[in-house]
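Each chain, letter by letter, is given below.
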Amino acid sequence: MEGYDKKEEFVKKNREDIYSNAVRAGKRTYFFDAKATRNDDYYLTITESKKRYDKEGNYTFEKHKIFLYKEDFDKFSEGLTEAIEILKEANDTLDENTIEAIAEIETTSDIIEGLEVESFSQVQFEDLTE
């Protein structure tokens, strides 16, 4: 029963894929694929794909994949959320420091502009090569 085997493989393959989402981010594309095993255990694959060019101008896709299993969903989610929050806070701090640095530069410029330049003395140096 050849046709039956092919149909059964098709059904199994469709059953494995639950959800798929592609996120384009600059030069990279991230794929989030939720899947199920034969025993209906769920897992997530996160794939990073980058287009790479060789010397001849031909391109290939370099892919990195992470498999995340259901028993790790909560811990992974907590760790990712915490890391993102820390980075956002660091970025906000960086932005505040940048604003302060710009304010200092503007203050320094105001001080320099306020200085009056008096006459310069003409200075001559001896030529020591003679």
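Only a predicted model underlies this, so the values are computations on that prediction, with no experimental measurement involved.

Calculation notes
- Residues numbered from 1 in each chain as written.
- Predicted model: local features only at pLDDT ≥ 70, side-chain atom pairs only at ≥ 80, totals over all residues.
- Heavy atoms only, no water.
- Helix = DSSP H or I, 4+ residues; strand = E, 2+ residues; numbered from the N terminus.
- Buried < 20%, exposed > 50% of the residue type's maximum accessible area, 1.4 Å probe, protein only.
- Contact = heavy atoms within 4.5 Å.
- Areas by Shrake-Rupley, 256 points an atom, 1.4 Å probe, with all protein chains shown as cover.
- Pairing = 2+ DSSP bridges.
- Axes fitted to C-alpha atoms, helices over the stretch in contact; angles between N-to-C directions.
- Phe/Tyr/Trp six-rings, centres within 6.5 Å; stacked < 30°, edge-to-face > 60°.
- Salt bridge = Lys/Arg side-chain N within 4 Å of Asp/Glu carboxyl O.
- Patch = residues over 30% accessible without salt bridge, like charges linked within 9 Å, V, L, I, M, F, W, Y side chains within 5 Å.
- Lys, Arg positive; Asp, Glu negative; His and termini not counted.
- Polar contact = N/O pair within 3.5 Å; in protein donor to acceptor, adjacent residues only side chain to side chain.

S.K.: Which parts of the structure should I look at to understand the overall build of the chain?
M.R.: Summing up its helical and strand segments, the chain has 2 helices and 4 strands in all. In sequence order, the chain lays out its α and β elements as α-β-β-β-β-α. Looking at the chain as a whole, 9% of its 130 residues are labelled buried. When contacts within the chain are restricted to residue pairs at least 6 apart in sequence, those whose partners lie at least 24 apart make up 13%. Taken as a whole, the chain presents about 12,300 Å² of accessible surface, with 53% of it coming from carbon and sulfur.

S.K.: Got a minute to help me understand the sheet that holds strand E3 (residues 42–53) in this structure?
M.R.: Within a beta sheet, neighbouring strands are joined by backbone hydrogen bonds and run either parallel or antiparallel to one another. Pairing is antiparallel in the open sheet, where 4 strands are placed in the order E1-E2-E3-E4. Each end of this open sheet is capped by a strand with a single partner; those strands are strand E1 (17–25) and strand E4 (59–69). Neighbour-to-neighbour, the strand axes of the sheet open up by a mean angle of 20°, direction not taken into account. Summarising the sheet, E3 and E4 pair through 11 bridges and their orientation is antiparallel. When the bridges of E4 are listed, Ile46 appears paired with Ile66.

S.K.: I tried to follow the packing of aromatic side chains on my own but got confused; where do I start?
M.R.: Throughout the structure, instances matching the rule amount to 4 aromatic pairs. Judged by centre distance (6.0 Å) and plane angle (35°), the rings of Tyr43 and Tyr69 are tilted. Separated by 26 residues along the polypeptide, Tyr43 in strand E3 and Tyr69 in strand E4 bring together distant segments of the chain. Take Tyr43: its relative accessible area is 15%, and that puts it in the buried class.

S.K.: What am I meant to see in the pattern of salt bridges here?
M.R.: Think of it this way: side chains of opposite charge can pair up when their charged atoms draw near. By the definition in use, this model includes 4 salt bridges. When the shortest N-O distance is used, the salt bridge between Lys50 and Glu62 registers 3.7 Å. Highlighted residues: Lys50 in strand E3 and Glu62 in strand E4, separated in sequence by 12 residues. Note on Lys50: relative accessible area 14%, which makes it buried. Glu62 gets classed as partly exposed once you look at its relative accessible area, which sits at 30%.

S.K.: Hey, could you run me through a nonpolar patch on the surface in this one?
M.R.: Together, Ile18, Tyr19, Tyr42 and Phe73 line one region of the surface with nonpolar side chains, adding up to about 400 Å² of accessible area. Tracing the backbone shows Tyr42 in strand E3.

S.K.: Teacher, can you tell me more about the pairing of E1 here?
M.R.: In regular strands, side chains alternate between the two faces of the sheet. Where E1 and strand E2 (residues 28–36) come together, 8 bridges link them in antiparallel fashion. Its bridge partner being in E2, Ala25 is matched across the sheet by Arg28. Linking E1 back to E2 in an antiparallel pair, the connection comprises 2 residues, with Gly26 at a positive phi of about 65°.

S.K.: Is there a simple way to think about the side chain of Asp33 in this case?
M.R.: Looking at where Asp33 falls in the secondary structure, it is placed in strand E2. An unpaired buried charge is present at Asp33: no salt bridge exists, and Lys35, the closest side chain of opposite charge, is 5.4 Å distant. At 2.5 Å, the side chain of Asp33 and the side chain of Ser20 are in polar contact. Discounting chain neighbours no more than four positions away, the residues touching Asp33 are Tyr19, Ser20, Asn21, Tyr43, Leu44 and Thr45.

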